[in-house]
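So you can see what is in the structure, the chains are spelled out below.
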Amino acid sequence: MEFRDAVKICLTKKYCSFKGRASRSEFWWFCLFTLLINIAVAIVGAIAPALASIISAVQALWLLLPTVSVSTRRLHDRDLSGWWQALPAALMLPGLIGLATDGEWLFIVAALAVSIASIGLMVVYALKGTSGPNRFGPDPLDDSGV
């Protein structure tokens, strides 16, 4: 899959689709697209700081659903639930409690756990998907039309 195809699929055909599977190329091309958009927003923010927060908020809201949905479909390609992407956020909750109660050690442990979970997710996103159909649908790389 090419860059243009991946962006088109994620922003139009599957903007908010949490069903099915996404190939590695679809996922990573869309990640590159969001990175490029973030860089462009940062440059605009440096040039026109008054607009930075508005543009950043619009961009974040615009890309939230397609980012979560392509991440979910990527996890589905590995035959995993899309809920795994919520793990880093769930691990950060004890850290926030630690900050609120002056438990700095709890925040440090939670931050370490979030880091490890995030790296683990990146590895899972990078791994090859399951061959053939799985419980989430047909293989996105299968050209047989099944």
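Quick caveat, the model's predicted, so the values are computed rather than measured.

Colleague: Whenever I open this one, the packing of aromatic side chains confuses me. Can you help?
Modeller: The geometry of two aromatic rings is summed up by the distance between their centres and the angle between their planes. What the rule picks out here adds up to six aromatic pairs. Ring centres of Phe3 and Phe33 lie 6.4 Å apart, and the angle between their planes is 55 degrees; on these two criteria the pair is classed as tilted. Here the residue Phe3 occupies a position in helix H1 (residues 3–13), and Phe33 occupies one in helix H2 (residues 24–47), the gap between them amounting to 30 residues. Accessibility expressed as a relative area gives 29% for Phe3, which makes it partly exposed. Classification of Phe33 as buried rests on a relative accessible area of 13%. By way of ring pairs, the aromatic residues Phe3, Trp29, Phe30, Phe33 and Trp62 are connected into one cluster.

Colleague: Teacher, can you tell me more about the side chain of Gln59 here?
Modeller: Looking at the element boundaries, Gln59 is found in helix H3 (residues 49–77). Gln59 gets classed as buried once you look at its relative accessible area, which sits at 10%. Beyond its immediate sequence surroundings of up to four residues, Gln59 is in contact with Ile37, Asn38 and Val41.

Colleague: Sorry, what's going on with the environment of Val124 here?
Modeller: Along the chain, the position of Val124 falls in helix H5 (residues 104–126). Separated by 123 residues in the primary sequence, Val124 and Met1 have C-alpha atoms spaced 19 Å apart. Apart from the residues within four sequence positions on either side, Val124 is in contact with Arg74, Leu75, Arg78 and Leu80.

Conventions we followed
- Residues numbered from 1 in each chain as written.
- Predicted model: local features only at pLDDT ≥ 70, side-chain atom pairs only at ≥ 80, totals over all residues.
- Heavy atoms only, no water.
- Phe/Tyr/Trp six-rings, centres within 6.5 Å; stacked < 30°, edge-to-face > 60°.
- Helix = DSSP H or I, 4+ residues; strand = E, 2+ residues; numbered from the N terminus.
- Buried < 20%, exposed > 50% of the residue type's maximum accessible area, 1.4 Å probe, protein only.
- Contact = heavy atoms within 4.5 Å.

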